[in-house]
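Structural overview
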Amino acid sequence: MENQDYNKAENAVDNTKDSLKNAADNAKWKVEDLADRAKDYINERRNNDEEATSEGWLERAKEKAGDTWDDIKQGASDAWEKTKDAAEDVKAEWNKKTN
(Lines give C-alpha, C1' and ligand atoms only; values in the text may rest on other atoms or scores of the structure.)
Protein backbone atom coordinates (compact mmCIF):
# COMPACT_ATOMS: atom_id res chain seq x y z
CA MET A 1 0.00 0.00 0.00
CA GLU A 2 1.40 3.41 -0.92
CA ASN A 3 1.75 6.41 1.35
CA GLN A 4 -1.01 8.27 -0.46
CA ASP A 5 -3.45 5.50 0.46
CA TYR A 6 -2.48 5.75 4.11
CA ASN A 7 -2.74 9.52 3.91
CA LYS A 8 -6.21 9.22 2.43
CA ALA A 9 -7.30 6.96 5.30
CA GLU A 10 -5.76 9.27 7.91
CA ASN A 11 -7.49 12.28 6.35
CA ALA A 12 -10.81 10.45 6.45
CA VAL A 13 -10.34 9.71 10.14
CA ASP A 14 -9.39 13.35 10.82
CA ASN A 15 -12.45 14.53 8.91
CA THR A 16 -14.63 12.19 10.92
CA LYS A 17 -13.13 13.42 14.17
CA ASP A 18 -13.76 17.02 13.11
CA SER A 19 -17.37 16.23 12.18
CA LEU A 20 -18.03 14.64 15.56
CA LYS A 21 -16.30 17.51 17.37
CA ASN A 22 -18.46 20.00 15.48
CA ALA A 23 -21.59 18.06 16.40
CA ALA A 24 -20.54 18.08 20.07
CA ASP A 25 -19.75 21.81 19.94
CA ASN A 26 -23.14 22.48 18.36
CA ALA A 27 -24.80 20.47 21.13
CA LYS A 28 -22.93 22.52 23.74
CA TRP A 29 -24.22 25.73 22.20
CA LYS A 30 -27.72 24.28 22.14
CA VAL A 31 -27.49 23.45 25.85
CA GLU A 32 -26.33 26.98 26.63
CA ASP A 33 -29.20 28.31 24.54
CA LEU A 34 -31.63 26.11 26.48
CA ALA A 35 -30.25 27.44 29.77
CA ASP A 36 -30.85 31.01 28.57
CA ARG A 37 -34.36 30.07 27.50
CA ALA A 38 -35.02 28.51 30.91
CA LYS A 39 -34.01 31.77 32.57
CA ASP A 40 -36.31 33.67 30.21
CA TYR A 41 -39.18 31.29 31.04
CA ILE A 42 -38.66 31.77 34.78
CA ASN A 43 -38.48 35.56 34.44
CA GLU A 44 -41.56 35.62 32.23
CA ARG A 45 -43.55 33.62 34.79
CA ARG A 46 -42.30 35.80 37.65
CA ASN A 47 -43.24 38.99 35.78
CA ASN A 48 -46.77 37.60 35.30
CA ASP A 49 -47.02 36.53 38.96
CA GLU A 50 -47.22 32.91 37.85
CA GLU A 51 -45.34 29.94 39.13
CA ALA A 52 -42.59 28.57 36.91
CA THR A 53 -42.88 24.80 36.87
CA SER A 54 -40.65 22.05 35.64
CA GLU A 55 -43.50 20.70 33.54
CA GLY A 56 -44.08 24.08 31.92
CA TRP A 57 -40.42 24.49 31.11
CA LEU A 58 -40.07 20.94 29.78
CA GLU A 59 -43.03 21.49 27.50
CA ARG A 60 -41.32 24.55 26.05
CA ALA A 61 -37.95 22.83 25.80
CA LYS A 62 -39.29 19.72 24.08
CA GLU A 63 -39.19 21.22 20.58
CA LYS A 64 -35.72 22.69 21.03
CA ALA A 65 -34.32 19.41 22.33
CA GLY A 66 -35.69 17.62 19.29
CA ASP A 67 -33.83 20.05 17.04
CA THR A 68 -30.61 19.43 18.98
CA TRP A 69 -30.92 15.67 18.63
CA ASP A 70 -31.54 16.02 14.89
CA ASP A 71 -28.35 18.10 14.55
CA ILE A 72 -26.26 15.59 16.52
CA LYS A 73 -27.76 12.65 14.65
CA GLN A 74 -27.00 14.26 11.27
CA GLY A 75 -23.39 15.04 12.26
CA ALA A 76 -22.79 11.53 13.55
CA SER A 77 -24.39 10.02 10.44
CA ASP A 78 -22.21 12.15 8.16
CA ALA A 79 -19.10 11.16 10.10
CA TRP A 80 -20.04 7.48 9.84
CA GLU A 81 -20.55 7.65 6.09
CA LYS A 82 -17.27 9.50 5.49
CA THR A 83 -15.32 6.99 7.56
CA LYS A 84 -17.03 4.00 5.99
CA ASP A 85 -16.44 5.32 2.47
CA ALA A 86 -12.78 6.04 3.17
CA ALA A 87 -12.27 2.62 4.72
CA GLU A 88 -13.83 0.97 1.68
CA ASP A 89 -11.59 3.00 -0.63
CA VAL A 90 -8.49 1.97 1.29
CA LYS A 91 -9.62 -1.67 1.33
CA ALA A 92 -10.18 -1.60 -2.45
CA GLU A 93 -6.73 -0.11 -2.99
CA TRP A 94 -5.20 -2.73 -0.73
CA ASN A 95 -6.96 -5.50 -2.62
CA LYS A 96 -5.72 -4.14 -5.96
CA LYS A 97 -2.15 -4.08 -4.70
CA THR A 98 -2.23 -7.54 -3.14
CA ASN A 99 -4.05 -9.41 -5.95
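Parameters and conventions
Residues numbered from 1 in each chain as written. Predicted model: local features only at pLDDT ≥ 70, side-chain atom pairs only at ≥ 80, totals over all residues. Heavy atoms only, no water. Helix = DSSP H or I, 4+ residues; strand = E, 2+ residues; numbered from the N terminus. Buried < 20%, exposed > 50% of the residue type's maximum accessible area, 1.4 Å probe, protein only. Contact = heavy atoms within 4.5 Å. Areas by Shrake-Rupley, 256 points an atom, 1.4 Å probe, with all protein chains shown as cover. Core = buried A, V, L, I, M, F, W, Y, C linked by side-chain atoms within 4.5 Å. Phe/Tyr/Trp six-rings, centres within 6.5 Å; stacked < 30°, edge-to-face > 60°. Salt bridge = Lys/Arg side-chain N within 4 Å of Asp/Glu carboxyl O.

**Regarding the overall build of the chain**
- Check the secondary structure of the chain and you find 2 helices and 0 strands.
- Out of the 99 residues belonging to the chain, those deemed buried represent 18%.
- Here the analysis covers contacts within the chain between residues at least 6 apart in sequence; of these, 70% occur between residues at least 24 apart.
- When the accessible area of the chain is evaluated, it comes to approximately 7,700 Å², of which 49% is carbon and sulfur surface.

**As for unusual backbone geometry**
- Backbone geometry at Asp49 places phi at a positive 50 degrees, although glycine is not the residue there.
- Relative to the helices and strands, Asp49 resides in the loop between helix 1 (3–47) and helix 2 (54–98).

**Here's the deal with the nonpolar core**
- Ranked by size, the top nonpolar core spans 5 residues in total: Leu34, Ala38, Tyr41, Trp57 and Ala61.
- Secondary-structure elements contributing two or more residues to this core are helix 1 and helix 2.
- If you tally residues by element for this core, the top one is helix 1, at 3 residues.
- Those residues in contact with Tyr41, other than ones at most four positions away along the chain, are Glu51, Ala52, Thr53, Gly56, Trp57 and Arg60.

**Focus on the packing of aromatic side chains**
- Evaluated as defined, the whole model comprises 1 aromatic pair.
- Measuring from ring centre to ring centre gives 6.2 Å for Tyr41 and Trp57, while their planes differ by 40 degrees; the resulting arrangement is tilted. In this pair, Tyr41 sits in helix 1 while Trp57 sits in helix 2, placing the two residues 16 residues apart along the sequence. With respect to burial, Tyr41 and Trp57 carry one shared label: buried.

**Some thoughts on the pattern of salt bridges**
- The tally for this structure, following the rule as stated, stands at 2 salt bridges.
- Arg60 is the partner of Glu44 in a salt bridge, and the nearest nitrogen-oxygen pair spans 2.6 Å. Placement of Glu44 in helix 1 and of Arg60 in helix 2 is noted, with a sequence separation of 16 residues between them.
- Classification of Glu44 by relative accessible area gives partly exposed; the value is 35%.
- The class for Arg60 is partly exposed, based on a relative accessible area of 42%.

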